[in-house]
Amino acid sequence: MKNNHTPTIHHSLTLGWLYPELMSTYGDRGNVIVLQKRAQWRGINIKIERINQNTNYKLLTTCDLLFMGGAQDIQQEIVNEDLLTNKGNKISEMIEDDTPALFICGAYQLMGNYYLDSNGVKINGLGLFDMYTQAPQTGERLIGNIVIQPKSIPHSLLPIPYLTGFENHGGRTYLSNKSQAFAQVISGYGNNGNDKTEGAVYKNAIGTYLHGPILPANPELADNLLEKTFARKYGIKLPSNKTDDTFSKKAKGNILKKLKASY
């Protein structure tokens with residue numbers, strides 16, 4: 001993924017990076033970098049607002065796009081407390097108002113109705129996605145490379161109709177309605193290892209278990225998020241770019257071959 005020409009900046013977007021110090025265990029900064037670079041290559045400047053538990057929730061109103069990554073249980077508990085008592089209502093309002101967002105792994109779980117821990121204790125979430133997550137009794141994690149076929153990305157953005165990544169989660173997520181799944185699992189575990197669903201979609205918000213990070217491995221998803229964000233703010237089509245994605249396509253192709261997924 002490279003571009004040797006940076007056009008003149010004509011537009012700007014603001015990315016709200018939620019809890020970067022706590023929710024960034026799996027290289028999630030890579031997702032932020034990809035969004036920033038692919039916007040810049042189109043003549044769009046992205047300002048990064050780092051939103052943490054000490055930030056006034058009103059700063060969220062300046063954001064055009066939201067992102068939150070994954071973390072371990074302790075960090076998730078700290079973040080969830082702040083979401084439920086401070087910033088959750090504003091984030092919910094923004095999602096209802098079609099603000100694009102990407103929530104990865106632990107962040108995805110926090111956006112559900114609730115989480116049942118291994119002791120059966122119910123931990124409430126924001127309820128953006130109509131789902132719940134349950135910790136496994138055995139402690140076994142769902143780990144490995146994963147290939148999915150997304151349902152909500154235009155085929156014109158998918159020269160290869162699959163997204164690839166790496167999943168590593170203990171929680172099993174169950175959607176109230178499978179039609180809200182972000183994607184179908186081609187190879188791997190997905191939400192729970194049983195029903196072939198992966199992630200969830202509500203309006204312009206996406207939740208997924210894919211690490212990798214997901215956007216460097218799948219720049220077409222980054223473009224899809226930018227397209228929605230740009231159209232919502234400016235009411236016009238996202239400027240085109242001449243980015244060479246040869247390397248990311250080759251990497252994806254190698255994973256598909258290794259996992260014997262047909263494309």
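First things first, this report covers the structure right here in the doc. (Residues numbered from 1 in each chain as written. Predicted model: local features only at pLDDT ≥ 70, side-chain atom pairs only at ≥ 80, totals over all residues. Heavy atoms only, no water.)

### Observations concerning the overall build of the chain
The criterion, for reference: What counts as a helix is a DSSP run of H or I of at least four residues, what counts as a strand is a run of E of at least two, and both are numbered from the N terminus. The reference for a compact globule is 2.2 Å times residues^0.38; the radius of gyration itself is calculated from the C-alpha atoms. When a residue's accessible area, from a 1.4 Å probe over protein chains only, is under 20% of the maximum for its type it is buried; when over 50% it is exposed; and in between it is partly exposed. Every residue pair with non-hydrogen atoms within 4.5 Å of one another is taken to be in contact. To measure how exposed things are, a 1.4 Å probe is used in the Shrake-Rupley method; for residues, cover is taken only from the protein chains shown. Charge assignment: positive for Lys and Arg, negative for Asp and Glu; neither His nor the chain ends contribute. By convention, the point assigned to a charge is CZ for Arg, NZ for Lys, CD for Glu and CG for Asp.
In terms of regular secondary structure, the chain is built from six helices and 14 strands. Since a compact globule built from 263 residues should have a radius of gyration of about 18 Å, the 18 Å found for the chain is in line with a globular shape. Across its three principal directions, the C-alpha atoms of the chain cover 55 × 50 × 30 Å. Each of the 263 residues in the chain was classed as buried or not, and the buried ones make up 54%. Look at the contacts in the chain between residues 6 or more apart in sequence, and 73% of them connect residues 24 or more apart. For the chain, the computed accessible surface area is about 11,800 Å², with 48% contributed by carbon and sulfur atoms. A gap of 8 Å separates the mean positions of the 28 positive and 23 negative side-chain charges of the chain.

### Concerning the pattern of salt bridges
Where we set the bar: Salt bridges are defined as contacts in which a side-chain nitrogen from Lys or Arg sits within 4 Å of a carboxyl oxygen from Asp or Glu.
Summed over the entire model, instances satisfying the criterion amount to 11 salt bridges. Across the pair Arg-42 and Asp-223 runs a salt bridge, and its minimum N-O distance is 3.2 Å. You can see Arg-42 sitting in the loop between α1 (29-40) and β2 (44-51) and its partner Asp-223 sitting in helix α5 (residues 219-234), a full 181 residues away along the chain. Look at Arg-42 and you get buried, because its relative accessible area is 12%. The partner of Arg-232 in a salt bridge is Asp-97, and the shortest N-O contact between them spans 2.9 Å. Taken together, the residues span a long stretch of sequence, with Arg-232 in helix α5 and Asp-97 in the loop between α2 (73-96) and β4 (101-104) at a distance of 135 residues. In this structure Arg-232 comes out as partly exposed when scored by relative accessible area, which is 35%.

### A word on the packing of α1 against α5
Test applied: All axes are obtained by fitting lines to C-alpha atoms, using only the stretch in contact for helices, and the reported angles, taken between N-to-C directions, cover 0 to 180 degrees. When an angle is under 35 degrees it counts as roughly parallel; over 145 it counts as roughly antiparallel; between 65 and 115 it counts as roughly perpendicular; any other value is oblique. Two helices that cross are described as forming a left-handed crossing if the nearer one is turned anticlockwise from the farther one by less than a right angle, and a right-handed crossing if clockwise. Note that Gly is not counted as nonpolar here; it falls among the polar residues with everything else outside the nonpolar set of Ala, Val, Leu, Ile, Met, Phe, Trp, Tyr, Cys and Pro and the charged set of Asp, Glu, Lys and Arg.
At a minimum axis separation of 10 Å, α1 and α5 run at an interaxial angle of 70°. Overall, the two elements α1 and α5 adopt an arrangement that is roughly perpendicular. Crossing angle aside, the handedness with which α1 passes α5 is right-handed. Between α1, through Val-34, Leu-35, Arg-38 and Ala-39, and α5, the contact on the second element is made entirely by Pro-219, Ala-222, Asp-223, Leu-225 and Leu-226. Class assignment for the residues of the contact of α1 with α5 results in seven nonpolar, no polar and two charged.

### Some words on unusual backbone geometry
In this model, Tyr-19 sits at a positive phi of 55°, which is unusual for a non-glycine residue. Relative to the assigned elements, Tyr-19 resides in the loop between β1 (11-18) and α1. Taking relative accessible area as the criterion, Tyr-19 reaches 1% and is therefore assigned buried. Positive phi, normally seen in glycine, also occurs at Lys-203, with a value near 55°.

### What to know about the environment of Gly-106
Its location among the elements puts Gly-106 in helix α3 (residues 106-110). The exposure class of Gly-106 is buried, given its relative accessible area of 1%. Sequence separation of Gly-106 and Gly-69 is 37 residues, and the distance between their C-alpha atoms is 6.9 Å. When neighbours within four sequence positions are excluded, Gly-106 is seen to be in contact with Met-23, Gly-70 and Gln-76.

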